[in-house]
Amino acid sequence: MLYSYLLTRSEFHLAPTPEGTSRDAKYAYRVYLNLLLLILELSGYRVDNNKSRKNPLESLGEANMLSSNKLASVLISDSDVRQIIARGDTGIERFDSTLLRLYSLIIRSAAYTDYSKKKRHDLEEDVKFWTVILNTIIASNTMVQDAARTDELFSLTGFQKGVEMLVATLNDYNDVRTTFSQAKKSLNDSLEKAYELYHALLLIPVYITDMEKERIENAKTKYCPTDHELNPNMRFVDNRFVEALRMNPDMEEYLKEHPFSWEGDYFLLKDLSDRIKQSDIYKNYMSAEEADYVTDCELWRNLMKNVILPSDALAEALETRSVYWNDDLAIMGTFVLKSIKHFAQSEGKNVALLPMYKDDEDAHFGPDLFLDAIKNKDLYRSYIDKFINGNSWDPERIAFMDIIILTTAITELVKFPNIPMAVTMNEYIEIANYYSTPRSGQFINGVLYSVANYLREEGKIVK
């Protein structure tokens, strides 16, 4: 998720001061800043340090119908915007006479009526709202244009260009925030899909058993069935672990809220069933003199470990179901094996399936790791660059995935003191070997070791 987000995100920043001496360019930039600050003033914010100058809308406080919009909130907190306000040379005061009129026009507009119908707004909606207001009310208002004409640099071309620049900035800002929201949602979706995979894998024995049971019944009713078909060995289809799983309360509850079925995957189930019957695990189980509940559980634990999870057919089926599942198969497979072991130890009593998260700390680990890695990506990149050996590694040619892996590993080192350093080091070296280049494991190991020692010496990690 971090890789996808950082690869596709667009940076938000104010447009830079124009270079050169073009009159239109200079004026367009002044209009650009004035209109940005005008949005803040209409939302009730003070945008200069002149105490004698009053924003008539500031006194409205919470009664200002535009004061709660998220766009103004994030703009006023932006460091570049605050520097512009602190500088105090924008000429925004020339638009003072337009504020009350603009405010009245905005709150009486059809755009505001539609906007106000929703109790909650996200940033994307606020950007769209202000873009519409900017183009249809503010920029076209004669009072605004008359105020703009008092600037000695005024030109109609420059004015229109300034409006276009602000619209582009707002949309850029919306793009990065929307991408961020989508990335967080994708992270949550991937975690939920992983938990779905855990249940899906546990259900495979149920569906294979039902398929075999149907095959046995069909064989009994065919023309001239054999003695073995009329009197089949029912040990496999009467497996007590499968029945316990079928009736498990946690499984029933999960499927009520998250319906899942393998019924449409006949060829997968047939392939797995055939492979099971060909295995020594199955043959030994069916030929044994007796089988108890523990033996029934161990059959499926061994089949899952040695036949089902390594199956190429399963991997292909999972890939068609979810883009996340092939990567999640290994870890979810271990959870399934652990659950079957719990069934074997239960002596036939109800078994609690593994929860999605062990505790609240576990639930917050993934999102917190993701958010902190993004928040501190530039700082952590400086640590990485500090310890790259230029003779061996060209910083500009390092695999982007390696940078993402290192950034995430450093985040874990710094922000999660309860995770031993050796665990973090080994985990991310393994991730690098799996996801990146053949040399990535060695590279991650060397740089991460150096960064960890440096951070420990600086007192930024104490483990």
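Data block above holds the structure.
Computed from a predicted structure; not experimentally measured.

Chemist: Give a detailed account of the pattern of salt bridges, specifying residues and quantitative values.
Modeler: Tallied over the full model, the rule gives 17 salt bridges. Between Asp151 and Arg30 there is a salt bridge, with its nearest N and O atoms 2.7 Å apart. Highlighted residues: Asp151 in the loop between α8 (142-149) and α9 (156-220) and Arg30 in helix α2 (residues 23-42), separated in sequence by 121 residues. According to the relative accessible area criterion, Asp151 is buried, its value standing at 4%. For the salt bridge of Arg240 with Asp296, the shortest nitrogen-to-oxygen distance reads 2.9 Å. In this pair, Arg240 sits in helix α11 (residues 240-246) while Asp296 sits in helix α15 (residues 293-308), placing the two residues 56 residues apart along the sequence. Residue class for Arg240 comes out partly exposed when judged on its relative accessible area of 39%. With a relative accessible area of 2%, Asp296 lands in the buried category.

Chemist: Report on the side chain of Glu196, specifying residues and quantitative values.
Modeler: Mapped onto the fold, Glu196 is located in helix α9. When sequence neighbours within four positions are dropped, the list of residues in contact with Glu196 reads Tyr254, Phe260 and Trp325.

Chemist: I'd like to hear about a negative patch on the surface, residue by residue, with values.
Modeler: A grouping of Asp250, Glu252, Glu253 and Glu257 is seen on the molecular surface, where their side chains present a negatively charged patch. As for its placement among the helices and strands, Asp250 is situated in helix α12 (residues 249-257). By relative accessible area, which is 35% here, Asp250 ends up partly exposed.

Chemist: Before we move on, can you summarise unusual backbone geometry with the specific residues and values?
Modeler: A positive phi angle, close to 55°, is found at Cys224, a residue other than glycine. Turning to its location among the elements, Cys224 is positioned in the loop between α9 and α10 (227-230). Residue class for Cys224 comes out exposed when judged on its relative accessible area of 54%.

About the cut-offs
Residues numbered from 1 in each chain as written. Predicted model: local features only at pLDDT ≥ 70, side-chain atom pairs only at ≥ 80, totals over all residues. Heavy atoms only, no water. Salt bridge = Lys/Arg side-chain N within 4 Å of Asp/Glu carboxyl O. Helix = DSSP H or I, 4+ residues; strand = E, 2+ residues; numbered from the N terminus. Buried < 20%, exposed > 50% of the residue type's maximum accessible area, 1.4 Å probe, protein only. Contact = heavy atoms within 4.5 Å. Patch = residues over 30% accessible without salt bridge, like charges linked within 9 Å, V, L, I, M, F, W, Y side chains within 5 Å. Areas by Shrake-Rupley, 256 points an atom, 1.4 Å probe, with all protein chains shown as cover. Lys, Arg positive; Asp, Glu negative; His and termini not counted. Charge placed at Lys NZ, Arg CZ, Asp CG, Glu CD.

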